[in-house]
Amino acid sequence: WIKTLHMLPQLGAPTSLVISAFEKLQKQFPDQVTISLFLADLYGKENQYEPALEQLNTAEKISQDNSTKIKIHFQKASLYFALGNYEALQKEHVAA
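All figures in this text were calculated on a predicted structure; none of them were measured in a lab.

(A) Looking closely at helix α2 (residues 15–28). Helix length check: α2 (14 residues) gives 20 Å between terminal C-alpha atoms against 20 Å at 1.5 Å per residue, within 8%. Burial in α2 covers these residues: Thr-15, Val-18, Ile-19, Phe-22, Leu-25 and Gln-26. On an axial view of α2, the arc spanned by its buried residues comes to 120 degrees, and they lie on one face. Exposed and oriented more than 90 degrees from the buried face of α2 are Ser-16, Leu-17, Lys-24, Lys-27 and Gln-28. Structurally, α2 contributes buried residues whose contacts are with α1 (2–7), α3 (33–45) and α4 (49–62).

The following block contains the structure:
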């Protein structure tokens, strides 16, 4: 059902409403990596890059899976590119 919630903006639901729902879920389940990743994706689609990076940093801290952490580094690099922060982008590629 979390994946369905994440897809609601594609079906016409206001993204801000879906983000709000995920933020409430995150407060209830702070150790769920998936929630942070979905929030990061939604923020990124709304060009809210700083909150997206915060969520990716949270996901990286709580993730126990190395392949997930590598994917997080690449996502962070993409956001740094969008922000024009090429130094941080380079660091993320090296970390991955």
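(B) Structural detail: the environment of Asp-41. With respect to the element layout, Asp-41 can be found in helix α3. Spatially, the C-alpha atoms of Asp-41 and Ala-96 are 19 Å apart, while their sequence positions differ by 55 residues.

(C) View of unusual backbone geometry. Even without being glycine, Asn-47 reaches a positive phi, approximately 60 degrees. Relative to the assigned elements, Asn-47 resides in the loop between α3 and α4. Residue Asn-47 is classed as exposed on the basis of its relative accessible area of 55%.

Reading the values: rules and limits
Throughout this document, residue positions are counted from 1 along each chain, in the order its sequence is written. Confidence filtering applies because this is a predicted model: local features only for residues at pLDDT of at least 70, side-chain atom pairs given and counted only at 80 or more, and all residues used for totals across whole chains, interfaces and linings. Remark: hydrogens and water are excluded; side-chain values derive from all non-hydrogen atoms of the structure. Secondary structure elements are defined from DSSP: runs of H or I of at least 4 residues count as helices, runs of E of at least 2 residues count as strands, and each element is numbered from the N terminus. Here the expected span of a helix is defined as 1.5 Å times the quantity of residues minus one. Type-normalised accessible area, obtained with a 1.4 Å probe on protein chains alone, sets the label of each residue: buried when under 20%, exposed when over 50%, and partly exposed for intermediate values. By construction, the arc corresponds to the directions joining the helix axis to the C-beta atoms. Any two residues having at least one pair of non-hydrogen atoms within 4.5 Å are treated as being in contact.

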